[in-house]
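# Per-entry structural report
Below, each chain spelled out in residue letters.
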Amino acid sequence: MSSVAGHFAKRQLIERRRDFLRKHWWRLAIIVGMLTVVGVGLHWVFPTAQIPVWAAVPSLFLALLFFGRELFDGTYHLVNALEAEGWTSKDLRRWLGRDWHVVDWISFEFHDVDHVVVGPGGVLAVETKWTDSKLDLRSSRGKTRAHEWIQQATNGSRSVQYLLSSFGYRLRVSPVVVVWGPEISGVPLESEVPVLRPKEMKSHASVWRNSSSNLSREQIDDIRARLLEYREMREKHELGLQ
């Protein structure tokens, strides 16, 4: 699985945690001070204990605070989105096989595309979504969410299509949405853009894999190389190295 998957979520995660520390460092300092006092008190009460209770209790609390930090700093959904993008990237590689390439995170000026998939059957722009809320895709709320996802995937596919045209390839880029979550039900609204749940990815990958060939091996490798080169350029640009 590519370490680049979830790049946008990673950047947002880092930025939010830095912002949280800047705003709430004094609260964290108070907690550490209180734990220190508790540790000293426990050491005074149990000076001969074989198990260092004075250190174990504060350490346990700090460990719980660290591992549950996304609940405190507001990054819970970003952490799950980051993991979901990694799962999508892994599954695309698994179900499509070696003839297809998955390039994670293609960035544009005001948005990015989670995964660009290139293979004999053409090019896909895949958006990964995560929701931990109960969502029926047949309901009014579910249809609204699916429409938003489809619009984002469609906009991303257009950007990738324009990028490929700058490489000299006039290809149709097909948008796809993959949505992860524990309580998603119902059939997505009828659309030319598939909204897939993880269990449906294998069957769709089989269709893509068995579709008629539009690209040669040389073209696939060239597009992948150009996308990787573009991604590296964008990353340097966003880091201020260009």
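Scroll up a little and you will see the structure.
Here is what the cut-offs are and how they apply
Residues numbered from 1 in each chain as written. Predicted model: local features only at pLDDT ≥ 70, side-chain atom pairs only at ≥ 80, totals over all residues. Heavy atoms only, no water. Buried < 20%, exposed > 50% of the residue type's maximum accessible area, 1.4 Å probe, protein only. Helix = DSSP H or I, 4+ residues; strand = E, 2+ residues; numbered from the N terminus. Pairing = 2+ DSSP bridges. Expected span 1.5 Å × (residues − 1). Salt bridge = Lys/Arg side-chain N within 4 Å of Asp/Glu carboxyl O. Core = buried A, V, L, I, M, F, W, Y, C linked by side-chain atoms within 4.5 Å. Contact = heavy atoms within 4.5 Å. Polar contact = N/O pair within 3.5 Å; in protein donor to acceptor, adjacent residues only side chain to side chain. Axes fitted to C-alpha atoms, helices over the stretch in contact; angles between N-to-C directions. Phe/Tyr/Trp six-rings, centres within 6.5 Å; stacked < 30°, edge-to-face > 60°.

### Overview of the pairing of strand S1 (residues 101–107)
If a strand is regular, its side chains alternate between the two faces of the sheet. The element S1 is extensively covered by neighbouring structure, given that 7 of its 7 residues are classed as buried. Of the pairings in the sheet, the one linking S1 to strand S2 (residues 112–119) comprises 6 bridges and is antiparallel in character. Bridge assignment links Asp104 to a residue of S2, and that residue is His115. Linking two consecutive strands that pair antiparallel, namely S1 and S2, is a turn of 4 residues.

### Thoughts on the pairing of strand S5 (residues 173–180)
In terms of burial, S5 is a largely internal element, 7 of the 8 residues being buried. Across 8 bridges, the pairing between strand S3 (residues 122–130) and S5 is parallel. From the neighbouring strand, Val126 faces S5, where its bridge partner is Val176.

### Thoughts on helix H5 (residues 140–166)
For H5, with 27 residues, the first-to-last C-alpha span of 40 Å sits near the 39 Å given by 1.5 Å per residue. Every buried residue of H5 is accounted for by Gly142, Ala146, Trp149, Ile150, Ala153, Thr154, Gly156, Ser157, Ser159, Val160, Leu163 and Leu164. Positive phi shows up at Gly168, right after H5, with a value of about 95°.

### Observations regarding the pattern of salt bridges
Applying the stated rule across the entire model yields 9 salt bridges. One salt bridge in this structure joins Arg138 and Asp136, with 3.1 Å as the shortest N-O distance. The partner of Glu232 in a salt bridge is Lys236, and the shortest N-O contact between them spans 3.6 Å. Placement of the pair is Glu232 and Lys236 together in helix H7 (residues 217–238), with a separation of 4 residues, close to one helical turn. Judged by its relative accessible area of 45%, Glu232 falls in the partly exposed class. Each of Asp99, Arg217 and Asp221 takes part in salt bridges that share partners, so that together they form one network.

### Digging into the nonpolar core
Nonpolar side chains in soluble globular proteins generally cluster together in the buried interior. In this structure, Ile106, Val116, Val118, Val123, Val160, Leu164 and Leu227 are the most contacted members of the largest nonpolar core, which totals 19 residues. Those elements that place two or more of their residues in this core are S1, S2, S3, H5 and H7. In terms of residue count, H7 provides more of this core than any other element does, 4 residues in total. In contact with Leu227, other than residues within four places in its own chain, are Val103, Ile106, Val116, Val118, Leu163, Leu164 and Phe167. Residues Val102, Val176, Val178 and Trp208 belong to the second largest nonpolar core, which totals 16 residues.

### Overview of the side chain of His115
By the element assignment, His115 lies in strand S2. Here His115 falls in the buried class, since its relative accessible area comes to 0%. At 2.6 Å, the side chain of His115 forms a polar contact with the side chain of Asp104. When sequence neighbours within four positions are dropped, the list of residues in contact with His115 reads Glu85, Thr88, Ser89, Leu92, Val102, Val103, Asp104, Trp105, Leu124, Ala125, Val126 and Thr128.

### Here we look at the sheet that holds S1
Through backbone hydrogen bonds, the strands of a sheet pair up, either in parallel or in antiparallel fashion. What the 5 strands build is an open sheet, ordered S1-S2-S3-S5-S7; its pairing is mixed. One side of each edge strand has no neighbouring strand; the edge strands of this open sheet are S1 and strand S7 (195–196). Alignment of S5 against S7, held across 2 bridges, turns out to be parallel. When the sheet's bridge partners are listed, Val178 is paired in S7 with Leu196. Where H5 meets the sheet, its contacts fall on S1, S2, S3, S5 and S7, and the angle it forms with S5 comes to roughly 140°.

### A look at the packing of aromatic side chains
In total, this model carries 3 aromatic pairs according to the counting rule given. On the numbers, 6.5 Å between centres and 65° between planes, the contact of Trp87 with Trp130 is edge-to-face. Placement of Trp87 in helix H4 (residues 76–96) and of Trp130 in strand S3 is noted, with a sequence separation of 43 residues between them. An angle of 40° between the planes, with centres 5.9 Å apart, marks the rings of Phe108 and Tyr230 as tilted. One end of the pair, Phe108, is in the loop between S1 and S2; the other, Tyr230, is in helix H7, with 122 residues separating them in the sequence.

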